[in-house]
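A structural walkthrough
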Amino acid sequence: MDSKKITGAEALMRSLENEGVDVLFGYPGGAIMPTYDALYDHKETLHHILVRHEQAAVHAAQGYARVSGRVGCAIVTSGPGAMNTITGIADAMIDSTPLVVICGQVGAAMLGTDAFQEVDVVGVTQPISKWNYQIRRAEDIPWAVARAFYIARSGRPGPVVLDFAKNAQTALIEYEPQTVDFIRSYDPYPSTDRQVIVKAADMINNSVKPFMLVGQGVELADAGEELLALVEKAQIPFGQTLLGLSAAPTDHPLNMGMLGMHGNLAPNVMTNQCDLLIAVGMRFDDRVTGNLKTYAKQAKIIHFEIDPSELGKNVRPTLSVLGDCKVTLPEVTRLVKKAEHKAWIDGFKPYADKEYEKVIDAALHPKEGPLLMGEVVRKVSEAANNEAIMVTDVGQNQMFGCRYFKFTHPHSVVTSGGCGTMGFGIPAAMGACYGAPERTVCMLCGDGGFQMTIQELGTIMENRIPVKMILLNNNFLGNVRQWQYMFFNKRYSFTPMMNPDYEKIAAGYNIPCRTVVERKDLDDAVREMLETDGPFLLQCAVKEEDNVLPMTPPGANVDEMLLELPPLNLPEGRR
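Residues numbered from 1 in each chain as written. Predicted model: local features only at pLDDT ≥ 70, side-chain atom pairs only at ≥ 80, totals over all residues. Heavy atoms only, no water.

1. Considerations on the side chain of Q484
Where we set the bar: Helix and strand assignments follow DSSP, with helices taken as H or I runs no shorter than four residues and strands as E runs no shorter than two, numbered in order from the N terminus. Contacts described as polar in this section are N or O atom pairs within 3.5 Å, which, within protein, must combine one atom able to donate a hydrogen with one able to accept it, while residues neighboring in sequence count only if both atoms come from side chains. The contact criterion used throughout is that any non-hydrogen atoms of two residues lie within 4.5 Å.
Relative to the helices and strands, Q484 resides in helix α22 (residues 478-487). Of the polar contacts made by the side chain of Q484, one reaches the backbone oxygen of S493; its length is 3.1 Å. Once you skip the residues sitting within four places of it in the chain, Q484 turns out to touch N489, K490, R491, Y492, S493 and T495.

2. A word on the packing of aromatic side chains
Put simply, the rule is: Two aromatic rings from Phe, Tyr or Trp, using only the six-membered ring of Trp, form a pair when their centres are within 6.5 Å; if the ring planes differ by under 30 degrees the pair is stacked, by over 60 it is edge-to-face, and anything between is tilted. Only protein chains enter the accessibility calculation, which uses a 1.4 Å probe; a residue whose area is less than 20% of its type maximum is buried, one above 50% is exposed, and one in between is partly exposed. Over a ring means this: the NZ of a Lys or the CZ of an Arg is within 6 Å of the ring centre and within 35 degrees of the ring normal.
Counted according to the given criterion, the structure contains 14 aromatic pairs. Ring geometry for Y150 versus Y186: centroids 5.9 Å apart, planes at 90°, classification edge-to-face. One end of the pair, Y150, is in helix α7 (residues 141-153); the other, Y186, is in the loop between β8 (172-174) and α9 (194-205), with 36 residues separating them in the sequence. Classification of Y150 as buried rests on a relative accessible area of 11%. Overall, the relative accessible area of 22% leaves Y186 in the partly exposed class. Taking 5.6 Å as the distance between ring centres and 35° as the angle between the ring planes, the aromatic pair formed by F405 and F407 counts as tilted. Members of the aromatic cluster, connected to one another through ring pairs, are F25, Y64 and Y434. In this structure, R147 is placed above the aromatic ring of W131, and the distance from its NZ or CZ to the ring centre is 5.1 Å. The ring of F476 has R481 sitting right over it, with the charged end atom 5.8 Å from the ring centre.

3. Some details on the environment of K297
Its location among the elements puts K297 in the loop between α13 (286-289) and β13 (300-305). For K297, a relative accessible area of 59% puts it in the exposed group. Along the backbone, K297 and E357 are 60 residues apart, and their C-alpha atoms lie at a distance of 29 Å.

What follows is the structure, encoded as structure tokens:
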């Protein structure tokens, strides 16, 4: 063998190192075995975490990416291994998470023959990835990897899939590292028209009742400071989307709370009362807008956005500010005049007070009865000094978590937004622990989602991943049950759950566990969890029919939030 030549698999390892990759989440198999053999010699630089299911590899990579701001990386085999990544890839695409997913594939000569464990990965993932590419020749590896990482992290981030044919893994090449920082016809950071900046500043200066919607794009751009500089100078109250909750501190005086179906009353109502709506790095998701026919029709709208495909897709803006908000926000701030808007800002308070009286006080300070999800969430957040990373699964645990967890640092929310993927919580929390090893990671999960990726307790056990798991156990698929209560006349069709003994399961994985049933034991249990070195499972037996409120019913106007559930008209025998 020519001493200057290396295998394609070895070239992949060196290319990953060249991109600064330090952690890989994956699962080996036949078509990726040459790559795993090469990985054996790179264990000191490429720390590989063996998950128990390929879906978990992608969710873990998502958690890593979301808290670190770097590209997450997953590696799996062909066929079923690749197909098990599809949910995570789709989740990352809609939530703008930078990933590179490397899938093994049969040799190029066997493509299209229905060979063992052959699946058209490129065809399947094309609609749910930012870019995908099939590597058929070893010579293409340095170029393909450099291009993949550049596309994944630049502009609006997203997942990239590399389909890695087995012959390309074993062939020999002379390796030269490559760097990609330009692709013809790909413009990740579009320039902004100066006149648009001037007009945006004029619209803000002439506004009497401005309101800002803060999305995850602010965090993806690391533009939190730039955002606060603008809102503080012009005194613009703001609300945050689900994925943008840690873009600004929870207790900032201009922060009016969470937007959306289960958000706070004040920001939702005032969306339909402002005269200027300023959207930054958000996509006007249906859970935020409610009925589009009545959404903010009284207001002029400015949309700051890096992805031109989002401009006018759901809500037509008066002015589109295309570009990186880390650049465009300071340019507007320089032209904006100092303002007060005191009467307008004070107008949010009556709605906030009403929500506190009708919903929040009872959720956080119950005087009797079973534990409530909201009080557990707030206890955990405060016990961690409101500095922890919150990872959630999907469902009521997610909504209560995002309503009652508090945030003081950016990159502190890891949740499945657009896709709403149950089973996301455990593996995403594992990845978050590697993405921010200096921080405490608290994972909120319901009993339904917990069982969807419960096998990853094995990954946690093997690697002693210090994730703090808070299992909010209500013996129901809680979010579906709430909708069944409201819209299906309390016909609980296959939402009650018979659960296993989670303490015994945790013991089988050598993970400390404690179950809390009585309110008097909650503080001590939370303290024990946070003080335990390594992983911990805290199971809380919460109220079975607890409901997330407020709620904007589907199809309703954004300001038509329910603070209590309407009474049901049940037949005599079902009351």
